[in-house]
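# Breakdown of the fold
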Amino acid sequence: MKITINNKFLFNAKGMYTGILFLVLQSTTFGQVSPFQYSINKQATGKQGAVSSAHPLASEVGLDMLKQGGNAFDAAIATQLALAVVYPGAGNIGGGGFLVAHTTDGKSIAIDYRERAPGRATRDMYLDKEGNPLLNLSQHGHLASGVPGTVAGLFSTHKYAKLDFVKLIEPAIKLAEEGFVITASEARSLNGSAPSFIKYNTQTPVFVKSGGWKAGDTLIQKELAVTLKRIRDNGAKGFYEGETARLVVEEMKRGGGIINFEDLKKYEAAERAPVVFDYKGYTVIGMPMPSSGGLLMQQMMKMVEDRQIGTMGFHSPEAVQLMIEVERRAYADRAEFMGDKDFVKVPVKSLASDSYLKERMSDFIPGKATPSAMVKPGNLQAESDETTHLSVADRYGNAVSVTTTLNGGYGSKTVVGGAGFLLNNEMDDFSVKPGVPNMFGAVGKEANAIQPGKRMLSSMTPTIVLKKRKPWLVVGTPGGTTIPTSVFQTLLNIIEFKQSALDAVNNPKFHHQWLPDQVMVEQDFPKTLQQSLEAMGYKFTNRGQIGRTEVISITREGKKITAIEAVADKRGDDHASAY
Ligand code: GLY
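Since we're looking at a predicted model, the values are computed, not measured. (Residues numbered from 1 in each chain as written. Predicted model: local features only at pLDDT ≥ 70, side-chain atom pairs only at ≥ 80, totals over all residues. Heavy atoms only, no water.)

## Looking at the packing of helix 2 (residues 72-86) against helix 4 (residues 150-158)
Contact geometry of helix 2 with helix 4 gives a least axis separation of 9 Å together with a crossing angle of 160°. With respect to helix 4, the element helix 2 is oriented roughly antiparallel. Judged by the twist between their axes, the crossing of helix 2 over helix 4 is left-handed. Together, F73, I77, Q80 and L81 of helix 2 and L154, T157 and H158 of helix 4 make up the contact between the two elements. (Axes fitted to C-alpha atoms, helices over the stretch in contact; angles between N-to-C directions. Helix = DSSP H or I, 4+ residues; strand = E, 2+ residues; numbered from the N terminus. Parallel < 35°, antiparallel > 145°, perpendicular 65-115°, else oblique. Left-handed = near helix turned anticlockwise from the far one by under 90°. Contact = heavy atoms within 4.5 Å.)

## A word on the pairing of strand 20 (residues 560-568)
Counting buried positions over the nine residues of strand 20 gives seven, a clear majority of the element. By the bridge criterion, four bridges tie strand 3 (residues 43-46) to strand 20 in an arrangement that is antiparallel. From the neighbouring strand, Q43 faces strand 20, where its bridge partner is V567. The pairing of strand 19 (residues 550-557) with strand 20 spans eight bridges and is antiparallel. Bridge pairing in strand 20 links V551 to V567. The hairpin turn running from strand 19 into strand 20, its antiparallel successor, is two residues long, and G558 in that turn takes a positive phi close to 60°. (Buried < 20%, exposed > 50% of the residue type's maximum accessible area, 1.4 Å probe, protein only. Pairing = 2+ DSSP bridges.)

## Describing the sheet that holds strand 12 (residues 386-394)
The seven strands lie next to each other as 9-6-5-13-12-4-21, forming an open sheet whose pairing is antiparallel. Each of the sheet's edge strands pairs with one partner strand only, and the pair in question is strand 9 (270-272) and strand 21 (575-578). Direction aside, the axes of adjacent strands within the sheet are offset by 15° on average. Across four bridges, the pairing between strand 4 (residues 49-53) and strand 21 is antiparallel. Residue S53 lies in a different strand from strand 21, and its bridge partner there is H575. Of the strands in this sheet, strand 5 (96-102) and strand 6 (108-113) touch helix 4, which is tilted by about 155° from strand 6.

## Section: the sheet that holds strand 19
If you trace the seven strands from one edge of the open sheet to the other, you get 3-20-19-15-14-11-10, paired in antiparallel fashion. If you trace the sheet from one side to the other, it starts and ends with strand 3 and strand 10 (275-279), each paired once. If you compare each strand with its neighbour and ignore which way they point, the axes differ by 20° on average. Each of strand 10 and strand 11 (282-286) touches helix 11 (residues 293-305); the most contacted strand, strand 10, lies at about 15° to it. Relative to strand 15 (residues 470-476), helix 16 (residues 482-495) is tilted by about 135°, and along the sheet it contacts strand 10, strand 11, strand 14 (463-467), strand 15 and strand 19.

## Let's talk about the side chain of R455
Residue placement: R455 occurs in the loop between strand 13 (399-407) and strand 14. A polar side-chain atom of R455 sits 3.2 Å from a polar atom in the side chain of D112. One polar contact links R455 to Y267, side chain to side chain, over a distance of 3.1 Å. (Polar contact = N/O pair within 3.5 Å; in protein donor to acceptor, adjacent residues only side chain to side chain.)

What follows is the structure, encoded as C-alpha coordinates:
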(Lines give C-alpha, C1' and ligand atoms only; values in the text may rest on other atoms or scores of the structure.)
Protein backbone atom coordinates (compact mmCIF):
# COMPACT_ATOMS: atom_id res chain seq x y z
CA MET A 1 0.00 0.00 0.00
CA LYS A 2 1.38 3.46 -0.84
CA ILE A 3 -0.36 6.60 0.38
CA THR A 4 1.14 9.99 -0.29
CA ILE A 5 0.23 12.24 2.63
CA ASN A 6 2.28 15.38 2.53
CA ASN A 7 5.68 16.70 1.58
CA LYS A 8 6.86 19.88 3.19
CA PHE A 9 10.09 21.37 4.41
CA LEU A 10 10.17 23.81 7.26
CA PHE A 11 12.83 26.12 8.59
CA ASN A 12 12.91 27.70 12.03
CA ALA A 13 13.80 31.29 12.86
CA LYS A 14 17.55 30.52 12.74
CA GLY A 15 17.15 29.11 9.25
CA MET A 16 17.70 25.61 10.54
CA TYR A 17 15.97 22.76 8.83
CA THR A 18 13.28 21.31 11.03
CA GLY A 19 11.36 19.86 8.15
CA ILE A 20 8.92 17.07 8.22
CA LEU A 21 8.75 14.77 5.29
CA PHE A 22 5.45 12.92 5.29
CA LEU A 23 5.35 10.98 2.14
CA VAL A 24 4.29 7.44 1.51
CA LEU A 25 3.08 4.85 3.97
CA GLN A 26 4.37 1.30 3.74
CA SER A 27 4.69 -1.60 6.13
CA THR A 28 8.49 -1.82 6.91
CA THR A 29 9.60 0.29 9.85
CA PHE A 30 12.83 0.75 11.81
CA GLY A 31 11.66 1.27 15.38
CA GLN A 32 8.95 3.86 14.88
CA VAL A 33 10.21 5.09 11.54
CA SER A 34 9.06 4.16 8.05
CA PRO A 35 11.33 4.66 5.03
CA PHE A 36 8.32 6.28 3.44
CA GLN A 37 7.43 8.64 6.24
CA TYR A 38 10.19 10.20 8.26
CA SER A 39 11.12 13.50 9.81
CA ILE A 40 14.46 15.19 10.42
CA ASN A 41 15.59 15.98 13.99
CA LYS A 42 18.59 18.12 14.68
CA GLN A 43 18.81 17.40 18.40
CA ALA A 44 17.72 14.48 20.54
CA THR A 45 18.42 13.51 24.14
CA GLY A 46 17.98 10.24 26.00
CA LYS A 47 19.66 8.16 28.67
CA GLN A 48 20.06 4.84 26.86
CA GLY A 49 21.79 5.67 23.61
CA ALA A 50 22.07 8.02 20.66
CA VAL A 51 23.09 8.09 17.01
CA SER A 52 23.80 11.08 14.81
CA SER A 53 24.43 10.61 11.09
CA ALA A 54 23.91 12.16 7.67
CA HIS A 55 20.47 10.60 7.12
CA PRO A 56 17.36 10.14 9.29
CA LEU A 57 16.81 6.54 8.21
CA ALA A 58 20.42 5.57 8.94
CA SER A 59 20.32 7.17 12.42
CA GLU A 60 17.02 5.45 13.18
CA VAL A 61 18.34 2.07 11.99
CA GLY A 62 21.29 2.48 14.38
CA LEU A 63 19.05 3.53 17.25
CA ASP A 64 16.82 0.54 16.64
CA MET A 65 19.84 -1.77 17.10
CA LEU A 66 20.55 -0.10 20.45
CA LYS A 67 16.92 -0.64 21.45
CA GLN A 68 17.18 -4.29 20.47
CA GLY A 69 20.03 -4.85 22.91
CA GLY A 70 22.95 -3.97 20.67
CA ASN A 71 25.82 -1.75 21.73
CA ALA A 72 27.36 1.29 20.04
CA PHE A 73 29.42 -0.97 17.72
CA ASP A 74 26.26 -2.74 16.52
CA ALA A 75 24.61 0.61 15.91
CA ALA A 76 27.68 1.94 14.07
CA ILE A 77 27.75 -1.10 11.75
CA ALA A 78 24.02 -1.00 10.99
CA THR A 79 24.10 2.78 10.47
CA GLN A 80 27.00 2.51 8.01
CA LEU A 81 25.25 -0.22 6.05
CA ALA A 82 22.05 1.84 5.93
CA LEU A 83 24.02 4.90 4.79
CA ALA A 84 25.42 2.80 1.93
CA VAL A 85 21.83 2.59 0.69
CA VAL A 86 20.09 5.83 1.68
CA TYR A 87 23.06 8.17 1.25
CA PRO A 88 24.79 6.97 -1.91
CA GLY A 89 26.79 10.20 -2.30
CA ALA A 90 29.09 9.18 0.54
CA GLY A 91 27.72 6.22 2.48
CA ASN A 92 29.29 3.20 0.90
CA ILE A 93 30.49 -0.33 0.59
CA GLY A 94 32.74 0.68 -2.32
CA GLY A 95 34.86 3.13 -0.31
CA GLY A 96 36.66 3.13 3.00
CA GLY A 97 36.75 4.68 6.43
CA PHE A 98 38.09 4.92 9.94
CA LEU A 99 36.61 4.08 13.32
CA VAL A 100 37.74 5.47 16.65
CA ALA A 101 36.10 4.07 19.78
CA HIS A 102 36.37 3.94 23.53
CA THR A 103 34.90 0.89 25.21
CA THR A 104 33.10 0.51 28.48
CA ASP A 105 36.14 -1.30 29.88
CA GLY A 106 38.42 1.62 29.11
CA LYS A 107 40.06 0.51 25.86
CA SER A 108 40.70 3.01 23.05
CA ILE A 109 40.45 1.54 19.55
CA ALA A 110 41.25 2.70 16.01
CA ILE A 111 40.22 0.59 13.01
CA ASP A 112 41.66 1.51 9.62
CA TYR A 113 39.68 0.43 6.58
CA ARG A 114 41.09 2.99 4.22
CA GLU A 115 41.23 1.99 0.55
CA ARG A 116 44.56 0.77 -0.85
CA ALA A 117 46.22 1.38 -4.20
CA PRO A 118 45.72 -1.63 -6.50
CA GLY A 119 48.72 -3.90 -7.11
CA ARG A 120 49.10 -2.57 -10.63
CA ALA A 121 49.12 1.10 -9.53
CA THR A 122 52.27 3.04 -10.33
CA ARG A 123 53.70 6.24 -9.00
CA ASP A 124 53.15 8.21 -12.24
CA MET A 125 49.91 6.59 -13.37
CA TYR A 126 48.15 9.96 -13.49
CA LEU A 127 50.84 11.78 -15.49
CA ASP A 128 51.06 12.08 -19.28
CA LYS A 129 54.30 11.56 -21.22
CA GLU A 130 55.37 15.14 -20.54
CA GLY A 131 54.71 14.71 -16.83
CA ASN A 132 51.53 16.78 -16.78
CA PRO A 133 48.90 15.64 -14.26
CA LEU A 134 45.80 13.87 -15.60
CA LEU A 135 43.46 14.75 -12.76
CA ASN A 136 40.39 13.58 -14.63
CA LEU A 137 41.74 10.05 -14.30
CA SER A 138 42.54 10.30 -10.59
CA GLN A 139 39.15 11.85 -9.87
CA HIS A 140 36.64 10.12 -12.15
CA GLY A 141 35.86 6.72 -13.53
CA HIS A 142 37.37 3.29 -13.11
CA LEU A 143 41.03 4.19 -12.71
CA ALA A 144 40.27 6.58 -9.82
CA SER A 145 39.23 3.83 -7.45
CA GLY A 146 41.30 2.35 -4.67
CA VAL A 147 40.56 -1.16 -3.40
CA PRO A 148 37.49 -0.72 -1.15
CA GLY A 149 37.91 -1.25 2.59
CA THR A 150 34.50 -0.65 4.14
CA VAL A 151 33.21 -4.23 4.22
CA ALA A 152 36.43 -5.50 5.83
CA GLY A 153 36.13 -2.64 8.34
CA LEU A 154 32.58 -3.59 9.26
CA PHE A 155 33.63 -7.16 10.00
CA SER A 156 36.66 -5.96 12.00
CA THR A 157 34.31 -3.80 14.02
CA HIS A 158 31.93 -6.68 14.57
CA LYS A 159 34.18 -8.38 17.09
CA TYR A 160 33.24 -5.57 19.53
CA ALA A 161 29.52 -5.88 18.77
CA LYS A 162 26.84 -8.01 20.43
CA LEU A 163 24.27 -8.77 17.75
CA ASP A 164 24.47 -11.17 14.82
CA PHE A 165 25.75 -9.50 11.62
CA VAL A 166 22.69 -10.85 9.81
CA LYS A 167 20.51 -8.68 12.00
CA LEU A 168 22.69 -5.62 11.45
CA ILE A 169 22.59 -5.82 7.65
CA GLU A 170 18.88 -6.64 7.33
CA PRO A 171 17.61 -3.02 7.44
CA ALA A 172 20.03 -2.04 4.66
CA ILE A 173 18.83 -4.95 2.54
CA LYS A 174 15.21 -3.91 3.07
CA LEU A 175 15.96 -0.27 2.26
CA ALA A 176 17.70 -1.29 -0.96
CA GLU A 177 15.09 -3.86 -1.97
CA GLU A 178 11.90 -2.02 -1.07
CA GLY A 179 13.23 1.52 -1.45
CA PHE A 180 12.86 4.73 0.50
CA VAL A 181 11.64 8.20 -0.33
CA ILE A 182 14.25 10.79 -1.12
CA THR A 183 14.39 14.36 0.15
CA ALA A 184 14.68 17.50 -1.98
CA SER A 185 18.42 17.75 -1.39
CA GLU A 186 18.96 14.12 -2.37
CA ALA A 187 16.94 14.68 -5.55
CA ARG A 188 19.02 17.76 -6.40
CA SER A 189 22.23 15.92 -5.70
CA LEU A 190 21.34 12.90 -7.86
CA ASN A 191 20.13 15.12 -10.71
CA GLY A 192 23.31 17.20 -10.53
CA SER A 193 25.46 14.09 -10.93
CA ALA A 194 23.38 12.52 -13.73
CA PRO A 195 25.70 13.67 -16.57
CA SER A 196 28.69 12.15 -14.71
CA PHE A 197 26.81 8.91 -14.01
CA ILE A 198 26.17 8.61 -17.74
CA LYS A 199 29.74 9.51 -18.66
CA TYR A 200 31.61 7.28 -16.22
CA ASN A 201 29.54 4.11 -16.39
CA THR A 202 29.43 1.25 -18.83
CA GLN A 203 25.81 0.52 -17.86
CA THR A 204 23.38 3.29 -16.86
CA PRO A 205 22.97 3.04 -13.07
CA VAL A 206 19.76 3.22 -11.08
CA PHE A 207 20.73 6.72 -9.92
CA VAL A 208 19.80 8.17 -13.33
CA LYS A 209 16.07 8.79 -13.72
CA SER A 210 14.57 9.90 -16.97
CA GLY A 211 12.92 13.29 -16.37
CA GLY A 212 14.94 13.73 -13.15
CA TRP A 213 14.32 13.02 -9.47
CA LYS A 214 12.09 15.03 -7.18
CA ALA A 215 11.47 15.01 -3.44
CA GLY A 216 9.16 12.15 -2.53
CA ASP A 217 10.32 9.81 -5.30
CA THR A 218 11.22 6.30 -4.18
CA LEU A 219 14.76 5.05 -4.82
CA ILE A 220 14.93 1.24 -5.14
CA GLN A 221 18.32 -0.48 -5.55
CA LYS A 222 17.68 -4.16 -6.36
CA GLU A 223 21.23 -4.98 -7.44
CA LEU A 224 22.67 -3.45 -4.29
CA ALA A 225 20.21 -5.53 -2.24
CA VAL A 226 21.55 -8.71 -3.85
CA THR A 227 25.15 -7.64 -3.14
CA LEU A 228 24.25 -6.98 0.49
CA LYS A 229 22.65 -10.43 0.69
CA ARG A 230 25.90 -12.00 -0.52
CA ILE A 231 27.70 -10.18 2.33
CA ARG A 232 25.01 -11.32 4.78
CA ASP A 233 25.36 -14.94 3.63
CA ASN A 234 29.13 -15.19 3.10
CA GLY A 235 30.64 -12.50 5.32
CA ALA A 236 33.52 -10.39 3.96
CA LYS A 237 34.10 -13.08 1.32
CA GLY A 238 30.67 -12.18 -0.06
CA PHE A 239 32.29 -8.93 -1.14
CA TYR A 240 35.99 -9.64 -1.71
CA GLU A 241 35.55 -13.00 -3.42
CA GLY A 242 32.98 -14.86 -5.49
CA GLU A 243 30.27 -13.13 -7.48
CA THR A 244 30.80 -9.59 -6.16
CA ALA A 245 34.54 -9.74 -6.88
CA ARG A 246 33.76 -11.10 -10.35
CA LEU A 247 31.40 -8.17 -11.01
CA VAL A 248 34.02 -5.65 -9.84
CA VAL A 249 36.73 -7.17 -12.03
CA GLU A 250 34.37 -7.32 -15.03
CA GLU A 251 33.51 -3.66 -14.47
CA MET A 252 37.23 -2.81 -14.36
CA LYS A 253 37.79 -4.63 -17.64
CA ARG A 254 34.91 -2.81 -19.34
CA GLY A 255 36.05 0.62 -18.12
CA GLY A 256 39.85 0.42 -18.18
CA GLY A 257 40.34 0.07 -14.41
CA ILE A 258 43.08 -2.00 -12.74
CA ILE A 259 41.58 -3.59 -9.59
CA ASN A 260 41.90 -7.37 -9.90
CA PHE A 261 40.86 -10.48 -7.94
CA GLU A 262 44.08 -10.56 -5.94
CA ASP A 263 43.69 -6.91 -4.83
CA LEU A 264 40.25 -7.70 -3.49
CA LYS A 265 41.16 -10.98 -1.85
CA LYS A 266 44.22 -9.48 -0.16
CA TYR A 267 42.43 -6.48 1.33
CA GLU A 268 42.50 -6.39 5.14
CA ALA A 269 41.41 -3.79 7.65
CA ALA A 270 44.01 -2.92 10.30
CA GLU A 271 43.56 -2.22 13.96
CA ARG A 272 45.99 0.52 14.97
CA ALA A 273 47.08 2.36 18.10
CA PRO A 274 45.02 5.56 18.18
CA VAL A 275 46.48 9.04 18.63
CA VAL A 276 45.90 9.94 22.29
CA PHE A 277 46.81 13.28 23.85
CA ASP A 278 45.89 15.49 26.76
CA TYR A 279 44.29 18.91 26.34
CA LYS A 280 43.84 20.78 29.61
CA GLY A 281 42.96 17.59 31.47
CA TYR A 282 40.70 16.13 28.77
CA THR A 283 41.91 13.10 26.82
CA VAL A 284 41.50 13.40 23.05
CA ILE A 285 41.48 10.15 21.03
CA GLY A 286 41.96 10.34 17.27
CA MET A 287 42.85 8.42 14.13
CA PRO A 288 46.52 7.74 13.36
CA MET A 289 48.18 7.44 9.92
CA PRO A 290 47.12 6.95 7.19
CA SER A 291 44.81 9.69 8.40
CA SER A 292 46.43 13.01 9.07
CA GLY A 293 43.37 13.85 11.19
CA GLY A 294 44.53 12.72 14.64
CA LEU A 295 48.00 14.20 14.35
CA LEU A 296 46.74 17.51 12.89
CA MET A 297 44.29 17.76 15.81
CA GLN A 298 47.09 17.12 18.27
CA GLN A 299 49.33 19.72 16.63
CA MET A 300 46.61 22.38 16.42
CA MET A 301 45.21 21.83 19.93
CA LYS A 302 48.67 21.79 21.47
CA MET A 303 49.69 24.97 19.62
CA VAL A 304 46.78 26.87 21.22
CA GLU A 305 46.74 25.13 24.62
CA ASP A 306 48.84 27.64 26.56
CA ARG A 307 47.56 30.78 24.83
CA GLN A 308 44.36 31.57 26.81
CA ILE A 309 42.20 31.39 23.71
CA GLY A 310 39.03 31.05 25.81
CA THR A 311 39.48 34.54 27.26
CA MET A 312 39.98 36.07 23.79
CA GLY A 313 36.31 35.26 23.02
CA PHE A 314 34.50 33.30 20.34
CA HIS A 315 35.03 34.74 16.86
CA SER A 316 37.21 37.54 18.22
CA PRO A 317 39.83 38.57 15.63
CA GLU A 318 42.56 37.51 18.10
CA ALA A 319 41.18 33.98 18.57
CA VAL A 320 40.44 33.40 14.88
CA GLN A 321 43.85 34.71 13.83
CA LEU A 322 45.56 32.35 16.26
CA MET A 323 43.51 29.42 14.96
CA ILE A 324 44.26 30.29 11.32
CA GLU A 325 47.98 30.40 12.06
CA VAL A 326 48.04 27.03 13.82
CA GLU A 327 46.01 25.53 10.97
CA ARG A 328 48.50 26.94 8.44
CA ARG A 329 51.50 25.46 10.25
CA ALA A 330 49.96 22.04 10.83
CA TYR A 331 48.90 21.72 7.17
CA ALA A 332 52.39 22.65 5.96
CA ASP A 333 53.61 19.62 7.91
CA ARG A 334 50.84 17.49 6.46
CA ALA A 335 52.01 18.28 2.93
CA GLU A 336 55.61 17.38 3.66
CA PHE A 337 55.67 14.54 6.15
CA MET A 338 52.41 12.64 6.30
CA GLY A 339 51.51 9.41 4.50
CA ASP A 340 50.91 5.71 5.09
CA LYS A 341 53.25 4.65 7.91
CA ASP A 342 53.28 1.10 6.57
CA PHE A 343 55.21 2.45 3.57
CA VAL A 344 56.99 5.65 4.61
CA LYS A 345 58.58 6.89 7.79
CA VAL A 346 56.33 9.56 9.31
CA PRO A 347 58.03 11.43 12.18
CA VAL A 348 54.89 11.39 14.29
CA LYS A 349 56.63 11.75 17.65
CA SER A 350 58.64 14.76 16.59
CA LEU A 351 55.70 16.45 14.88
CA ALA A 352 53.65 16.10 18.07
CA SER A 353 56.37 17.02 20.57
CA ASP A 354 55.92 20.08 22.77
CA SER A 355 59.33 21.49 21.86
CA TYR A 356 58.68 21.18 18.12
CA LEU A 357 55.25 22.81 18.36
CA LYS A 358 56.63 25.63 20.52
CA GLU A 359 59.30 26.26 17.92
CA ARG A 360 56.67 26.10 15.18
CA MET A 361 54.81 29.02 16.75
CA SER A 362 57.93 31.10 17.43
CA ASP A 363 57.32 33.26 14.33
CA PHE A 364 53.64 33.81 15.09
CA ILE A 365 52.91 37.54 15.33
CA PRO A 366 49.57 38.49 16.92
CA GLY A 367 47.71 40.86 14.59
CA LYS A 368 49.77 40.00 11.50
CA ALA A 369 49.34 37.26 8.89
CA THR A 370 52.34 35.00 8.32
CA PRO A 371 52.45 34.41 4.53
CA SER A 372 52.47 30.72 3.67
CA ALA A 373 55.56 31.34 1.53
CA MET A 374 57.39 32.00 4.81
CA VAL A 375 55.99 28.90 6.55
CA LYS A 376 58.00 25.96 5.35
CA PRO A 377 57.42 22.51 6.77
CA GLY A 378 59.08 22.43 10.18
CA ASN A 379 62.65 21.42 10.96
CA LEU A 380 62.63 18.10 12.71
CA GLN A 381 65.16 16.43 14.92
CA ALA A 382 66.00 12.98 13.63
CA GLU A 383 63.57 10.54 15.20
CA SER A 384 63.47 7.11 16.08
CA ASP A 385 33.85 16.52 -0.67
CA GLU A 386 32.46 13.54 -0.06
CA THR A 387 32.68 11.79 3.12
CA THR A 388 30.25 11.12 5.94
CA HIS A 389 30.43 10.84 9.69
CA LEU A 390 28.41 9.10 12.38
CA SER A 391 28.65 9.35 16.14
CA VAL A 392 27.18 6.74 18.50
CA ALA A 393 27.02 6.25 22.26
CA ASP A 394 25.29 3.59 24.32
CA ARG A 395 24.11 3.09 27.88
CA TYR A 396 26.98 0.70 28.61
CA GLY A 397 29.52 3.50 28.20
CA ASN A 398 30.83 2.64 24.72
CA ALA A 399 31.40 5.52 22.31
CA VAL A 400 32.04 5.08 18.59
CA SER A 401 33.09 7.72 16.08
CA VAL A 402 33.20 6.68 12.41
CA THR A 403 34.04 8.64 9.27
CA THR A 404 33.74 6.90 5.91
CA THR A 405 34.21 8.13 2.40
CA LEU A 406 33.97 7.65 -1.33
CA ASN A 407 36.11 10.83 -1.55
CA GLY A 408 34.16 13.07 -3.99
CA GLY A 409 30.36 13.08 -4.07
CA TYR A 410 29.38 9.63 -5.44
CA GLY A 411 33.11 8.83 -5.58
CA SER A 412 34.37 7.93 -9.03
CA LYS A 413 30.72 8.08 -10.25
CA THR A 414 31.25 4.52 -11.46
CA VAL A 415 28.72 1.94 -10.29
CA VAL A 416 29.76 -1.71 -10.43
CA GLY A 417 27.47 -3.15 -13.11
CA GLY A 418 25.22 -5.85 -11.69
CA ALA A 419 26.35 -5.13 -8.12
CA GLY A 420 24.76 -1.69 -7.69
CA PHE A 421 27.37 0.05 -5.56
CA LEU A 422 29.52 3.07 -6.28
CA LEU A 423 33.30 2.89 -6.33
CA ASN A 424 35.43 5.51 -4.62
CA ASN A 425 37.79 7.97 -6.29
CA GLU A 426 40.21 7.82 -3.38
CA MET A 427 43.33 7.53 -5.59
CA ASP A 428 43.12 11.34 -5.88
CA ASP A 429 44.01 11.56 -2.17
CA PHE A 430 47.52 10.43 -3.11
CA SER A 431 49.89 13.11 -4.29
CA VAL A 432 49.78 12.40 -8.05
CA LYS A 433 52.83 14.64 -8.49
CA PRO A 434 54.72 16.70 -5.88
CA GLY A 435 53.11 20.11 -5.52
CA VAL A 436 50.08 19.37 -7.73
CA PRO A 437 46.91 20.09 -5.73
CA ASN A 438 44.32 17.33 -5.42
CA MET A 439 40.57 17.95 -5.57
CA PHE A 440 40.72 19.59 -2.12
CA GLY A 441 43.59 21.85 -3.17
CA ALA A 442 45.93 19.88 -0.90
CA VAL A 443 49.50 19.30 -2.00
CA GLY A 444 51.81 16.50 -0.97
CA LYS A 445 55.18 14.99 -1.69
CA GLU A 446 57.09 11.75 -1.44
CA ALA A 447 55.44 10.60 1.79
CA ASN A 448 52.11 10.41 -0.03
CA ALA A 449 53.29 9.21 -3.46
CA ILE A 450 51.47 6.26 -5.07
CA GLN A 451 52.77 2.74 -4.39
CA PRO A 452 50.97 -0.57 -4.89
CA GLY A 453 49.13 -1.61 -1.74
CA LYS A 454 49.72 1.74 -0.01
CA ARG A 455 46.89 3.66 1.66
CA MET A 456 46.40 7.24 0.50
CA LEU A 457 46.72 10.00 3.12
CA SER A 458 43.38 11.03 4.59
CA SER A 459 42.06 13.97 6.57
CA MET A 460 39.27 12.06 8.25
CA THR A 461 39.14 12.86 11.94
CA PRO A 462 36.78 10.66 13.94
CA THR A 463 37.40 11.86 17.49
CA ILE A 464 36.39 11.06 21.05
CA VAL A 465 37.09 13.27 24.06
CA LEU A 466 37.21 11.75 27.52
CA LYS A 467 36.43 13.69 30.68
CA LYS A 468 37.69 11.98 33.83
CA ARG A 469 38.61 9.00 31.64
CA LYS A 470 35.02 8.45 30.42
CA PRO A 471 33.59 9.35 26.98
CA TRP A 472 32.25 12.91 26.96
CA LEU A 473 32.22 14.03 23.29
CA VAL A 474 31.98 11.97 20.09
CA VAL A 475 32.75 14.17 17.09
CA GLY A 476 33.50 14.06 13.38
CA THR A 477 32.55 15.47 10.00
CA PRO A 478 33.01 15.09 6.25
CA GLY A 479 34.69 17.85 4.23
CA GLY A 480 37.99 16.66 2.75
CA THR A 481 40.88 18.74 4.05
CA THR A 482 38.49 20.93 6.06
CA ILE A 483 37.71 17.96 8.33
CA PRO A 484 40.47 18.45 10.92
CA THR A 485 39.88 22.21 11.13
CA SER A 486 36.11 21.69 11.58
CA VAL A 487 36.68 19.19 14.39
CA PHE A 488 39.31 21.50 15.92
CA GLN A 489 36.86 24.43 15.88
CA THR A 490 33.98 22.33 17.20
CA LEU A 491 36.09 21.17 20.16
CA LEU A 492 37.36 24.67 20.94
CA ASN A 493 33.80 26.03 20.66
CA ILE A 494 32.71 23.60 23.37
CA ILE A 495 35.80 23.46 25.59
CA GLU A 496 37.08 27.03 25.36
CA PHE A 497 34.09 29.12 24.26
CA LYS A 498 31.60 27.17 26.41
CA GLN A 499 29.08 26.68 23.61
CA SER A 500 26.32 24.10 23.49
CA ALA A 501 27.02 21.21 21.14
CA LEU A 502 24.33 22.54 18.77
CA ASP A 503 25.89 26.01 18.56
CA ALA A 504 29.38 24.55 18.31
CA VAL A 505 28.29 22.58 15.25
CA ASN A 506 26.17 25.23 13.55
CA ASN A 507 28.29 28.34 14.04
CA PRO A 508 30.12 29.44 10.87
CA LYS A 509 33.41 27.71 10.22
CA PHE A 510 36.64 28.83 8.56
CA HIS A 511 39.59 26.92 7.17
CA HIS A 512 43.24 27.48 6.30
CA GLN A 513 45.37 24.68 4.86
CA TRP A 514 48.71 26.44 4.21
CA LEU A 515 48.29 26.28 0.44
CA PRO A 516 46.49 28.00 -1.12
CA ASP A 517 47.31 30.89 1.19
CA GLN A 518 43.74 31.96 1.89
CA VAL A 519 41.12 31.63 4.57
CA MET A 520 38.05 29.78 3.33
CA VAL A 521 34.86 30.83 5.08
CA GLU A 522 31.20 29.96 5.05
CA GLN A 523 28.75 32.55 3.82
CA ASP A 524 27.56 33.42 7.34
CA PHE A 525 31.09 34.08 8.63
CA PRO A 526 30.75 37.58 10.19
CA LYS A 527 31.75 40.33 7.74
CA THR A 528 33.16 42.64 10.43
CA LEU A 529 35.40 39.82 11.65
CA GLN A 530 36.55 39.21 8.08
CA GLN A 531 37.39 42.91 7.70
CA SER A 532 39.45 42.90 10.93
CA LEU A 533 41.41 39.90 9.66
CA GLU A 534 41.86 41.42 6.18
CA ALA A 535 43.47 44.41 7.90
CA MET A 536 46.01 41.95 9.39
CA GLY A 537 46.88 40.69 5.88
CA TYR A 538 44.58 37.67 5.41
CA LYS A 539 42.93 36.89 2.09
CA PHE A 540 39.47 35.33 2.07
CA THR A 541 37.50 33.12 -0.22
CA ASN A 542 33.93 31.89 0.19
CA ARG A 543 33.17 28.24 0.41
CA GLY A 544 29.56 27.03 0.23
CA GLN A 545 29.55 25.10 3.46
CA ILE A 546 32.18 23.55 5.64
CA GLY A 547 31.48 20.10 6.99
CA ARG A 548 28.43 18.35 8.38
CA THR A 549 29.48 17.73 11.94
CA GLU A 550 27.75 15.19 14.16
CA VAL A 551 28.31 15.46 17.91
CA ILE A 552 27.21 13.32 20.81
CA SER A 553 27.77 14.60 24.31
CA ILE A 554 27.42 12.40 27.38
CA THR A 555 26.65 13.77 30.83
CA ARG A 556 27.39 11.80 34.01
CA GLU A 557 26.77 12.12 37.69
CA GLY A 558 29.61 10.19 39.18
CA LYS A 559 29.82 7.07 37.04
CA LYS A 560 26.15 7.09 36.08
CA ILE A 561 25.13 8.36 32.65
CA THR A 562 22.37 10.93 33.14
CA ALA A 563 21.98 12.18 29.57
CA ILE A 564 23.18 11.37 26.07
CA GLU A 565 22.60 14.26 23.68
CA ALA A 566 22.91 13.84 19.92
CA VAL A 567 23.28 16.82 17.63
CA ALA A 568 23.14 16.79 13.83
CA ASP A 569 24.51 19.53 11.62
CA LYS A 570 22.10 22.10 10.17
CA ARG A 571 23.97 21.94 6.87
CA GLY A 572 22.22 18.84 5.43
CA ASP A 573 19.53 16.24 6.08
CA ASP A 574 21.61 15.05 9.04
CA HIS A 575 19.55 13.53 11.83
CA ALA A 576 19.99 13.04 15.56
CA SER A 577 18.19 10.26 17.38
CA ALA A 578 18.24 9.18 21.00
CA TYR A 579 16.15 7.30 23.54
N1 GLY B 1 38.68 11.52 1.00
C2 GLY B 1 38.83 12.49 1.99
C3 GLY B 1 39.82 12.09 3.03
O4 GLY B 1 40.00 10.93 3.28
O5 GLY B 1 40.44 12.94 3.60
